[in-house]
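Residue-level structure breakdown
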Amino acid sequence: MTIKVTQEQALALITAYGAEAARWPDEQRAALLALVAADPLVAAAHAEAAQLDRLLGGWAMDVPPRSFDAEALIPVPAKARAPFKVVRWLGAGAAAASVAVALLLGVPGAQTMVPAEGVQIAQNDISSQVLLGSASGQSEPLDGFSLVFTPTADEEDLI
Amino acid sequence: MQPIPSLQTPDQLAGLMLRVQDGDRVAFAALVRALEGPGLRLADRALADRAAAEDVVQVALSRLWTMAERFDASRGSVSAWFRRIVMNLCLDRKRAARPMQPLETVADIASAAPSPEAQAINNDLKTRLEAAMQMLVPRQRAALAMFHGEGLSMAEIAEALETTPKAIEGLLGRARIELKGLLAPHMDFEG
């Protein structure tokens, strides 16, 4: 179907689409070609557009090519990264286990700390109580209370 | 200018893309060969910056692999999908940037043309055109490159730039008017 085209529309179409009739909208091509032949203003615009088309065609294609390495474009697959993750988690687990063992065994050197002479220190170190009985050095049978709280001499007086 | 014929038909590209979705590296290499040229021309012309264009195309080609599962043949061609990826990357890159050359530069560029007159005029015009192109926005340059270089229709350009064919008509029209104004003193435009 051919649509009638005014001079103004013809100029707008040529400005947007250029001078090549094959690129014009199908339904307006015939009317546009007729105007180019009949209207000097449209004919001049068409000639100008042809010049600009040639310039733009050259500009658009004047880009040096480059070949991309397809293999290098592929990122390292997730599967290949998995062992690294496992190693990382194992490392973190080992570090956590080391800290836990260190806590269970106590801080190195803590057992060797000796209080100043004549000073009694209340203790709540269950492991040491089990081994040593009480801070007073008496070999009383261990009971629940002594495991939780071993009073000093002054505290013994209050009890 | 006649558009460069595509190395692969749309159906062949879609077939390659399906194989890429299954992790086929050979198909991916073929897809890269088919799309790198048009992708680089589009990015280079839109950005007016060769190094940036190469970066953009590298990322876009890589996305063909990493985002392969997102491609849906029922929604469009591989080429159209790729152009859209390239354009989005270009526009992301250019969003904050503005043209650097003042308008006067377009008219004041000294010609470095050799002695034969025709060659001299041609080179001079080419240099002036490059400078004039810097005055356009990336979307206008991209539309001109797709229309005049790749021979795409208004509808195909509209798809790449995520707009309507009518808007592309306006975009191209304004770009050509602007170029004509900038180049008029150096071209033998009639009328």
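Residues numbered from 1 in each chain as written. Chains lettered and ligands numbered in written order. Predicted model: local features only at pLDDT ≥ 70, side-chain atom pairs only at ≥ 80, totals over all residues.

**Digging into the overall build of chain B**
As a reminder, the rule being used: Starting at the N terminus, helices and strands are each numbered in turn, a helix being any DSSP run of H or I of at least four residues and a strand any DSSP run of E of at least two. Here, residue contact means that the backbone-derived C-beta atoms of the two residues sit within 7 Å.
The helix and strand inventory of chain B stands at nine helices and zero strands. Starting at the N terminus and ending at the C terminus, chain B contains elements arranged as α-α-α-α-α-α-α-α-α. For chain B, long-range pairs separated by at least 24 residues make up 65% of all intrachain contacts whose partners lie at least 6 apart in sequence.

**Notes on unusual backbone geometry**
All names here are of chain B. Backbone geometry places Ala48, a non-glycine residue, at a positive phi of 55 degrees. Following the sequence through the fold, Ala48 ends up in the loop between helix 2 (25-47) and helix 3 (50-66). Backbone geometry places Glu162, a non-glycine residue, at a positive phi of 55 degrees. Tracing the sequence through the fold places Glu162 in the loop between helix 8 (154-160) and helix 9 (165-183).

**A closer look at the confidence of the model for chain A**
Rules: pLDDT measures the predictor's confidence residue by residue and takes values from 0 up to 100.
Confidence in the prediction for chain A averages 75 pLDDT; 57% of positions are at 70 or higher. Taken together, the stretch residues 121-142 of chain A has pLDDT below 50 and engages in 26 contacts with residues farther than four places along the chain or on a different chain.

**Brief notes about the environment of Thr66 of chain B**
Residue and element names in this part refer to chain B. The cut-off we apply is this: Residues with at least 20 neighbouring C-beta atoms inside 10 Å of their own are called buried, those with 12 or fewer are called exposed, and the rest are partly exposed, where every C-beta is derived from the backbone.
With respect to the helices, strands and loops of the structure, Thr66 is situated in helix 3. The class of Thr66 is exposed, set by 12 C-beta atoms lying within 10 Å. Distance in space between the C-alpha atoms of Thr66 and Val20 is 9.6 Å, their sequence separation being 46 residues.

**A look at the confidence of the model for chain B**
Confidence in the prediction of chain B, expressed as mean pLDDT, is 87, and 82% of residues score 70 or more. Taken together, the stretch residues 1-5 of chain B has pLDDT below 50 and engages in five contacts with residues farther than four places along the chain or on a different chain.

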